[in-house]
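This is what each chain is made of:
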Amino acid sequence: MKRRSWLLATTSATLFGGLAAPPSRAQPGQVLQRIGYLSAGSATLNPAGVPAFREGLRERGHVEGRDIVLDVRFAEGRAQDLPRLAAEIAALKPVVIIAIGPTATDAALAVTATLATPIVSLGDLVASGYAAQLARPGGRVTGISFLPLPLNAKRLELLAQTLPKGSAVLNLAGLQPLPEAMRLVEDAGHALGLVTHAAYANTVEKVDAAFAAARRLRVAGVTVLNSPFLYNLRAHIFQLAASAKLPAIYQWPDAAREGGLMAYGPSIDAMYRQLAGYASRILAGAKPADLPIEQPTRFELVINLKTAKALGLNVPNALLLRADEVIQ
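Below or above, wherever it landed, is the structure these notes cover.

In this structure the tally under the stated criterion is four aromatic pairs. When the ring of Tyr-37 is compared with that of Phe-74, the centres are 6.0 Å apart and the planes differ by 50 degrees; the resulting orientation is tilted. One end of the pair, Tyr-37, is in strand β2 (residues 33–39); the other, Phe-74, is in strand β3 (residues 68–74), and 37 residues separate them in sequence. In this structure, Tyr-37 and Phe-74 share a single accessibility class: buried. Summarising the aromatic geometry, the rings of Tyr-264 and Phe-299 are spaced 6.1 Å apart at their centres and angled 25 degrees between planes, so their arrangement reads as stacked. Here Tyr-264 is found in strand β11 (residues 262–266), whereas its partner Phe-299 is found in strand β12 (residues 298–304), with 35 residues between them in sequence.

Now the structure itself:
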């Protein structure tokens with residue numbers, strides 16, 4: 001059931017209205033404008049992105065086959081395939097490429113170096129070195145920057161409300177993150193009176209080993225940090241958490257809808273609609289260097305009471321009242 005939705009102000013909130021402006025329609029006989037879409041993820045495991053992006057384009061007056069063509073490529077988790085897929089897209093001469101995540105952005109930048117193709121990306125764009133600053137990116141890359149580091153600490157705070165004071169928590173990362181990332185989570189844990197343990201896992205075997213270590217360490221809960229790999233492996237992690245009777249909180253709201261206990265993060269649909277706004281402006285002639293990088297405008301807390309019941313966990317009413325969606 002829906003509880004409430006909140007909007008977070010961003011540094012460029014007043015500028016987004018411009019991104020939503022409908023482009024001029026293609027005239028009869030005019031060449032269709034191509035949009036490339038490149039993701040390191042899986043179309044099956046990440047089904048929401050492309051439909052939401054397409055819907056965002058339609059909201060801005062674009063129709064596939066009439067004024068635009070959308071060329072989509074998924075690497076299905078095989079990062080080694082990204083250069084080839086990026087080259088396939090570049091050969092089609094797109095006006096703009098949507099690159100989901102840093103590995104896809106790197107591949108798109110590499111194959112379009114001589115073409116100077118604009119790229120709209122999703123990730124921490126300034127920290128990754130793709131843009132000089134949020135207000136004026138200054139290069140070929142702009143898009144949505146969702147600043148995952150503060151969100152990891154926020155998820156730990158939410159999970160702590162379901163745990164006894166002084167509990168131990170496992171912070172699971174897909175790849176070894178920047179020291180700052182783990183330090184923020186550890187500092188948040190200490191402030192909450194929790195004992196924190198870190199685990200880094202970029203294979204299924206390492207994820208299994210992390211949960212085996214969690215049993216030995218007698219942790220009371222798990223936070224799953226931002227990671228495309230861990231998101232793709234979420235169904236397996238659901239099973240591990242259920243088997244160990246461990247409450248866990250995840251990065252994207254869909255994870256709780258699919259069987260995880262809790263999730264807190266940006267609305268996937270809203271973010272991909274924002275990406276469509278950038279594509280629309282670039283199709284109309286805007287330069288990525290001049291389009292301010294935005295942050296997500298909508299964050300969702302989703303709690304799955306079915307999973308809580310299976311874990312034998314009573315979710316505090318105060319936490320349920322904060323949720324945007326509670327799955328009964």
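Quick look at the sheet that holds strand β4 (residues 96–100) now. Pairing within the open sheet is parallel, and its five strands lie in the order β3-β2-β4-β5-β6. The open sheet is flanked by β3 and β6 (141–144), the only strands paired with a single partner. Averaged over neighbouring strand pairs, the angle between their axes works out to 20 degrees when direction is ignored. Bridge count between strand β5 (residues 119–122) and β6: four bridges; the pairing is parallel. For Val-120, the partnering residue across the bridge sits in β6 and is Thr-142. Helix-sheet contacts for helix α3 (residues 82–91) involve β2, β3 and β4, and the interaxial angle to β2 is about 175 degrees.

Another aspect to go through is the packing of helix α7 (residues 204–217) against helix α9 (residues 234–244). Helix-helix packing is described using two parameters, namely the angle between the two axes and the distance between the axes. Close contact between α7 and α9 brings their axes to 11 Å; oriented N to C, the two are set at 20 degrees. With respect to their mutual orientation, α7 and α9 come out roughly parallel. As for the relative orientation of α7 and α9, their crossing is right-handed in sense. Residue-level inspection shows Val-204, Val-207, Asp-208, Phe-211 and Arg-215 of α7 in contact with α9, the latter providing His-236, Ile-237, Leu-240, Ala-241, Ser-243 and Ala-244. Considering only residue class, the contact of α7 with α9 consists of seven nonpolar, two polar and two charged.

How each quantity is defined
Residues numbered from 1 in each chain as written. Predicted model: local features only at pLDDT ≥ 70, side-chain atom pairs only at ≥ 80, totals over all residues. Heavy atoms only, no water. Phe/Tyr/Trp six-rings, centres within 6.5 Å; stacked < 30°, edge-to-face > 60°. Helix = DSSP H or I, 4+ residues; strand = E, 2+ residues; numbered from the N terminus. Buried < 20%, exposed > 50% of the residue type's maximum accessible area, 1.4 Å probe, protein only. Pairing = 2+ DSSP bridges. Axes fitted to C-alpha atoms, helices over the stretch in contact; angles between N-to-C directions. Contact = heavy atoms within 4.5 Å. Parallel < 35°, antiparallel > 145°, perpendicular 65-115°, else oblique. Left-handed = near helix turned anticlockwise from the far one by under 90°. Nonpolar A, V, L, I, M, F, W, Y, C, P; charged D, E, K, R; others polar.

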